[in-house]
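The primary structure of each chain is shown beneath.
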Amino acid sequence: MPDMVIRGGQIVTHEGVTKSDIAIEDGRFSAVGPELPSCPQEIDAAGITIFPGLIDVHLHFNEPGRTDWEGISTGSRALAAGGGTLFFDMPLNSSPCTLNGESFDLKRHAMEQSSITDFGLWGGLVPGNLNELDELAGRGIIGVKAFMSDSGLPEFPRADDLTLYDGMCVAARHGLPVAVHAESEELTKALSARIRQAGGSGVRDYLNSRPVLAELEAIQRAALLAKESGARLHIVHVSSGRGVALAAQLRATGINLTIETCPHYLFFTGDDMERLGAVAKCSPPLRPDAERESLWLALMQGEIDIVASDHSPSSPDLKNDPDFFRVWGGIAGVQSTLAVLLQAGHNQRGLPLPKIAELTSAAPAKRFRIANKGHIQTGFDADCLLVDLKSSFQLEADQLFTRHPLSPYLGSSFRGKIRRTISRGETIFQDGKITSSRPGRMVSPHQE
């Protein structure tokens, strides 16, 4: 007898939408089909849409070392409230950064103590830690992350071209993706210096210091290094339609390359950054409306592989500086990924529901080789979320589970409310409340 049956819901997978029952036993989906046998615990999902649990491949929970910025406990709860059941934590913003086996062990221990969802860990690539990558791969990292421009943290310096190439060669040997923050250091640094020498310090000055050109140049260079090294390249937070178009062209030449964008690039524009201020600062920055619309077009046409939050919070004091260049650049949005894709995508632009499941669940599991995740099918981990697509809400500060109620999405209206999030068969979020009673566990790439 199953532990739970979810009855009569509309099930969304990357392949389509069907009305069916779902049985869960020992933390896994044990059956999916019509009129399944009854069991003591049943959930009436009539009128409810069921998605696979979201897999957020790109976020920063800043623990250990900077829990005053976020922390795993609050961050994972916010993820669950947004429908997430698995996240991959980036190697920087925590202290120490995840650059060797010892720092990996520290972060893994913290995750196992505090996360209510499952998790994976990225390893970092910086000048000087090339010899640590084998050890990190042996620990089970999801992939390797490098910055092609200044990260904003002295302890995580950018990877010069030789460091990036050498790191890609090591990652290729282990079959691990290399994620790159693709912005040209030469262009952004020189433009910033020119603008600041002329007295620039405002939002529009910052936007002008990081043009789309800087993204395009870095994407092309990273792709060349990936081609020569045989690495699996993952370009994070592509902010422009032109960036996606270039990456897609390079992929068509045979480069193993995936493209990620973020909800804030799909929801906001540079004008919104001027209106909202520091809470909307990020790098690459928000783009003009034309770039946002071309980004949506690329997503609708299947050129974007993954949508991830790039949740990068900080303490409020780091967002309070009259000089916009000195404001901490990171958007707190881990709770709003699905809300954006439903409202701005499905409701406003006709984005199919199966495409949302692909972008947030199936494609992340496939790209990062996570076994038994990302699908609602027999034998897979019972990770799913129940959504009332007809219910609307306005996001308010008291609905956020993050440590600080800072989000550019506050005050925005959305249609599509998450009623329940289930992780490995346990309800961890229901009707606005966290209900988890057990910790999450670490996942690692499946060995081919």
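**As for the layout of surface pockets**
A volume near 660 Å³ is recorded for the largest pocket. Around the largest pocket, the lining is made up of 31 residues, and of these Asp150, Ser151, Gly152, Arg210 and Ser283 lie nearest the centre. Elements supplying a minimum of two residues to the lining of the largest pocket: strand E10 (144–147) and helix H5 (185–197). No other element matches H5, which puts 5 residues into the lining of the largest pocket. If you go around the second largest pocket, you meet 19 residues; those closest to its centre are Ala81, Gln335, Phe393, Gln399 and Lys417. Sorting the residues of the lining of the second largest pocket by element identifies helix H12 (337–349) and strand E16 (413–423) as the ones contributing at least two each. The element that contributes the greatest number of residues to the lining of the second largest pocket is E16, accounting for 5 residues. Each residue belonging to the lining of the second largest pocket can be placed in one class, and the counts come to 10 nonpolar, 6 polar and 3 charged.

**Quick notes on the pattern of salt bridges**
The final tally for this structure, using the stated rule, is 32 salt bridges. A salt bridge links Asp118 to Lys373; the shortest N-O distance between them is 2.6 Å. Note that Asp118 is positioned in strand E8 (residues 118–121) and Lys373 in the loop between helix H13 (353–367) and strand E15 (384–394), a separation of 255 residues in sequence. One salt-bridge network, held together by shared partners, links Arg28, Asp118, Lys373, Asp381, Asp383, Arg424 and Arg441.

**A word on the sheet that holds strand E11 (residues 177–181)**
Strand order in the open sheet made by the 6 strands is E9-E10-E11-E12-E13-E14, with parallel pairing throughout. Unpaired on one side and paired on the other, strand E9 (123–124) and strand E14 (306–307) mark the two borders of the sheet. Lying over the sheet, helix H8 (residues 241–251) contacts strand E12 (232–235) and strand E13 (257–261), oriented at roughly 165° with respect to E13.

**Concerning the state of the cysteines**
Scanning the model with the defined rule gives 0 disulfides in all. Cys282 supplies the cysteine sulfur nearest to Cys262, a cysteine that is in no disulfide, at a spacing of 8.1 Å.

**A few points about the environment of Thr269**
Mapped onto the elements of the fold, Thr269 is located in the loop between helix H9 (263–267) and helix H10 (270–276). For Thr269, a relative accessible area of 8% corresponds to the buried category. Separated by 11 residues in sequence, Thr269 and Ala280 have C-alpha atoms that sit 9.5 Å apart. Excluding anything up to four places from it in sequence, Thr269 contacts Leu286, Arg287, Pro288, Asp289 and Arg292.

**Points about the nonpolar core**
Counting residues in hydrophobic clusters, the biggest one holds 101 residues, and the most contacted among them are Phe51, Leu164, Val180, Leu233, Ile235, Leu257 and Met273. A total of 8 residues in this core trace back to one element, the largest contributor, which is helix H7 (residues 212–229). Excluding residues within four positions of it along the chain, Leu164 makes contact with Leu125, Ala146, Met148, Ala159, Val178, Val180 and Leu225. By size, the runner-up hydrophobic cluster in this structure holds 25 residues, among which are Val57, Leu92, Trp122 and Val443.

**As for the sheet that holds strand E7 (residues 84–89)**
Read across the open sheet, the 3 strands follow the order E6-E7-E8; overall the sheet is parallel. Strands with a single pairing partner mark the edges of an open sheet, and in this sheet they are strand E6 (54–59) and E8. The mean angle between the axes of side-by-side strands here comes to 20°, regardless of whether they run parallel or antiparallel. Inspection of the sheet shows E6 paired to E7 by 4 bridges, in the parallel sense. What sits directly across from Ile55, in E7, is Leu86.

About the criteria used
- Residues numbered from 1 in each chain as written.
- Predicted model: local features only at pLDDT ≥ 70, side-chain atom pairs only at ≥ 80, totals over all residues.
- Heavy atoms only, no water.
- 1 Å grid on protein atoms, 1.4 Å probe; cavity = no way out; pocket = protein on both sides within 12 Å on 5 of 7 lines; lining within 4 Å.
- Points joined across faces, edges and corners; volume = space filled by probe spheres on them.
- Helix = DSSP H or I, 4+ residues; strand = E, 2+ residues; numbered from the N terminus.
- Nonpolar A, V, L, I, M, F, W, Y, C, P; charged D, E, K, R; others polar.
- Salt bridge = Lys/Arg side-chain N within 4 Å of Asp/Glu carboxyl O.
- Pairing = 2+ DSSP bridges.
- Contact = heavy atoms within 4.5 Å.
- Axes fitted to C-alpha atoms, helices over the stretch in contact; angles between N-to-C directions.
- Disulfide = S-S within 2.5 Å.
- Buried < 20%, exposed > 50% of the residue type's maximum accessible area, 1.4 Å probe, protein only.
- Core = buried A, V, L, I, M, F, W, Y, C linked by side-chain atoms within 4.5 Å.

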